[in-house]
Amino acid sequence: MWELRFVVLQSLMICSALVLKYSQIIIPGYYSIPLLIFLAFASSYGLLTLLLTRSLLLSVLNIASLYSVLFLLSIPMDPLIFSLYVGGTFLGSSIWYVVHRTIPERIDFKRYIITKPRVGLIPIGLAFAVTGYILSGSIYLFLGSVLDSLIAAWIGRVYLAPISSLSWISLPYLLSQNPIRKGRGVCVGNIRRVLKRRRTSLPNTYRYEWIEGEGNLCIDLAERKNYNSVVLGSSGTGKSTLVKKLMTSLGLPFIIFDLHGEYSIPSANTINLSETGVNPLSLFGFSPRDRALEVAIALKSVFNLGHLQTMDFFSLLLEAYQDKGIYEEDQRTWSLPPPTFKDVISLLQKKKKLSIRSEEMSRLEGLETYLRFLDSSVFMRGEVDMDVLIKGSVILDFSGLPSNEIKYIIMITLLNGIMHNMYKLGGSGLRRMIVIDEAPFLVSREAGERIAERFFAEGRKFGYGVVLVSQTKDGIEKAINNSDSLFIFNMRDPRELEYVSKLLGGSHPEAFKAIYEMLMQLNRGELITRDSDTDELLMVSLN
């Protein structure tokens, strides 16, 4: 691993310093050219590694390490000879630069900020620092050892504590180590690979490679900028497994819209919607005008209606509410029993009898065709108990419903009811999750897109998180861009692979290639996601 180069570097620096110092005693006068070349090339590799990190700190530490040894040896140093040595090192670095191919780009200090130190390791490191001070008598080396002790505590690995005795010499190596991840939130899997960017020998060029990872992927939705997530992947890759793990581990009530009857969670109440009715004309606390418009738009989405037919439905539905004594201007009437589609058909029949124009009759007959289709027994049974729906964990099973049109209308109806409850309860921290399986079924049409956008835009304010699950990105691109968490399982369609690889890798062709190839290699239960703390791409295996 590239981090070991720092150990090699400092070992070479110590050897070079010893040769540099004692050769003044062995070889009087100026050094011979072969000795200078040997010393230059002995340190060139390590110095090159440091300089190309673009970290001034590490470059200074490289020289400081040499001075540490000189100070410890307490032997006078000829400034001219030392200058020749440093100049030769830079010459060797230039030569090495031509033939070397893979160089680390930078040290990322952000990971230390997001990690809490392992306080118990600090005394161990300080003990080694004190021992080093007793042996050397150098306060300069002692301060380096103290700094090493603090960094080793942040990294959290016991075996690194003794390295603090090497003072500034071991500091670059410690900075190159990744702190142990301390899980926050729900841990869903083990990190197998991390995508890293490496600088190549060519100016301003990079390569990307997946390196060995460690630790757990833990998700703390409450700390995210929004509570929205998208899960993408081909059928049978582990999407529902991830959703179940999240829902059962978050400790929050949830609602799963299950189109195919795939979800079974013992702690949740499963409602078979083919046996329990839903009235799409229920107000849910909204005004008759708002509900009439929402239902009209839903019918437009389902049947691909034109604007004129949509407005005709809106007027007919609003009149149906009035026939039931429910008026826009009188909020006290909104609690009365709402009409059903059967009531709307009866109203339409009355209007047909009173119609005297053939054009009007034709328009009413057109509406009646769609209403007859919706005159299903599903809309006539006892309704879903909204109190059960909004208070506990519920799986809504749509698999037994007779048609996609009825599924869609029921889904829109229930989401409107949930939204009303969300507004009614007001602002809050994260308190409920909503999972939409096969999300394109909902958001690919106008009514579903409108309500999904409202949940995505306003959910965090009211404490609602939304998880969209899909086999394809079609129709949910906007939701993907507005989600704080994205989980990608194996995908087989080249179009999907290209889209996701560009989304995660940006415009860099090497990143695109690395992500594309990894997506194709993922096994069941493996996914790619982005670490919200470090912004790194992770390959994770569900546990």
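Criteria and cut-off values
Residues numbered from 1 in each chain as written. Predicted model: local features only at pLDDT ≥ 70, side-chain atom pairs only at ≥ 80, totals over all residues. Heavy atoms only, no water. Helix = DSSP H or I, 4+ residues; strand = E, 2+ residues; numbered from the N terminus. Buried < 20%, exposed > 50% of the residue type's maximum accessible area, 1.4 Å probe, protein only. Contact = heavy atoms within 4.5 Å. Areas by Shrake-Rupley, 256 points an atom, 1.4 Å probe, with all protein chains shown as cover. Disulfide = S-S within 2.5 Å. Salt bridge = Lys/Arg side-chain N within 4 Å of Asp/Glu carboxyl O. Patch = residues over 30% accessible without salt bridge, like charges linked within 9 Å, V, L, I, M, F, W, Y side chains within 5 Å. Expected span 1.5 Å × (residues − 1). Axes fitted to C-alpha atoms, helices over the stretch in contact; angles between N-to-C directions. Parallel < 35°, antiparallel > 145°, perpendicular 65-115°, else oblique. Left-handed = near helix turned anticlockwise from the far one by under 90°. Nonpolar A, V, L, I, M, F, W, Y, C, P; charged D, E, K, R; others polar. pLDDT = per-residue confidence, 0-100.

### Brief notes about the overall build of the protein
Okay, step 1: For the protein, the helix and strand inventory stands at 20 helices and 13 strands.
Okay, step 2: Each of the 543 residues in the protein was classed as buried or not, and the buried ones make up 52%.
Okay, step 3: For the protein, the share of sequence-separated contacts (at least 6 apart) that also reach a separation of at least 24 residues comes to 74%.
Okay, step 4: Surface summary for the protein: the accessible area is close to 24,800 Å², and the carbon and sulfur share equals 58%.

### Concerning the state of the cysteines
Okay, step 1: Going through the model one piece at a time under the given rule, you end up with one disulfide.
Okay, step 2: Residue pairing for Cys187: its cysteine sulfur links by disulfide to Cys218, the two sulfurs lying 1.9 Å apart. Judged by the sign of its S-S torsion, about 85 degrees, the bond between Cys187 and Cys218 is right-handed. Here the residue Cys187 occupies a position in strand β2 (residues 186-200), and Cys218 occupies one in strand β4 (residues 216-219), the gap between them amounting to 31 residues.
Okay, step 3: When its relative accessible area of 29% is taken as the criterion, Cys187 is described as partly exposed.
Okay, step 4: On the basis of relative accessible area, Cys218 is assigned to the buried category, the value being 16%.

### Thoughts on the environment of Leu396
Okay, step 1: Within the element layout of this structure, Leu396 appears in strand β8 (residues 394-397).
Okay, step 2: For Leu396, a relative accessible area of 0% translates into the label buried.
Okay, step 3: Leu396 sits 140 residues away from Ile256 along the chain, and the two C-alpha atoms are 6.0 Å apart.
Okay, step 4: In contact with Leu396, other than residues within four places in its own chain, are Ile255, Ile256, Phe257, Asp258, Ile271, Leu273, Leu389 and Leu414.

### Section: unusual backbone geometry
Peptide bonds are mostly trans, and most non-glycine residues show a negative phi.
Okay, step 1: Here Phe284, not a glycine, exhibits a phi torsion of approximately 55 degrees, which is positive.
Okay, step 2: Relative to the helices and strands, Phe284 is located in the loop between β7 (269-272) and α10 (288-303).
Okay, step 3: Judged by relative accessible area, which is 13%, Phe284 ranks as buried.
Okay, step 4: A positive phi angle, near 55 degrees, is found at Asn304, a position not held by glycine.
Okay, step 5: Here Asn304 is to be found in the loop between α10 and α11 (307-323).

### Section: the pattern of salt bridges
Okay, step 1: Taken as a whole, this structure holds 21 salt bridges when the rule is applied.
Okay, step 2: Across the pair Lys196 and Glu536 runs a salt bridge whose closest N-O atoms are separated by 2.5 Å. Of this pair, Lys196 sits in strand β2 while Glu536 sits in the loop between β12 (526-530) and β13 (537-542); the two residues are 340 residues apart in sequence, bridging distant segments of the chain. The two residues Lys196 and Glu536 agree in class, both being buried.

### A word on a nonpolar patch on the surface
Okay, step 1: Taken together, the side chains of Val130, Tyr133, Ile134, Ile139 and Leu143 make up a nonpolar region of the molecular surface, amounting to roughly 490 Å² of accessible area.
Okay, step 2: Among the secondary structure elements, those contributing two or more residues to the nonpolar patch are α6 (121-136) and α7 (139-155).
Okay, step 3: Element by element, the count of residues in the nonpolar patch is highest for α6, at three residues.
Okay, step 4: Counting through the fold element by element, Ile134 comes out in helix α6.

### Some remarks on helix α17 (residues 446-462)
Okay, step 1: For α17, which comprises 17 residues, the first-to-last C-alpha distance of 23 Å matches the rise-based estimate of 24 Å (1.5 Å per residue) to within 8%.
Okay, step 2: Considering only its buried residues, α17 is in contact with α10, α15 (404-425), β9 (432-436), α16 (440-443), β10 (464-470) and α18 (477-481).
Okay, step 3: Looking one or two residues past α17, Gly463 carries a phi angle of roughly 85 degrees, positive in sign.

### Focus on the packing of α10 against α11
Okay, step 1: Contact pair α10 / α11: the axes reach a minimum separation of 8 Å and the direction vectors enclose 140 degrees. The angle between the axes of α10 and α11 places the two elements in the oblique class. The hand of the α10/α11 crossing is right-handed. Counting all contacts with α10, which are made through Pro288, Arg289, Arg291, Ala292, Leu293, Val295, Ala296, Ile297, Leu299 and Lys300, the residues of α11 involved are His307, Thr310, Phe313, Phe314, Leu317, Leu318 and Tyr321.
Okay, step 2: Residues of the contact of α10 with α11, tallied by class, amount to twelve nonpolar, two polar and three charged.

### Describing the confidence of the model for the protein
Okay, step 1: Per-chain confidence: the protein averages 78 in pLDDT, with 72% of residues scoring 70 or above.
Okay, step 2: In the model, residues 1-7 has pLDDT below 50 throughout and makes 21 contacts with residues more than four positions away in sequence or in other chains.
Okay, step 3: Between residues 67-75, whose pLDDT stays under 50, and residues either more than four places distant or in other chains, the model counts 18 contacts.

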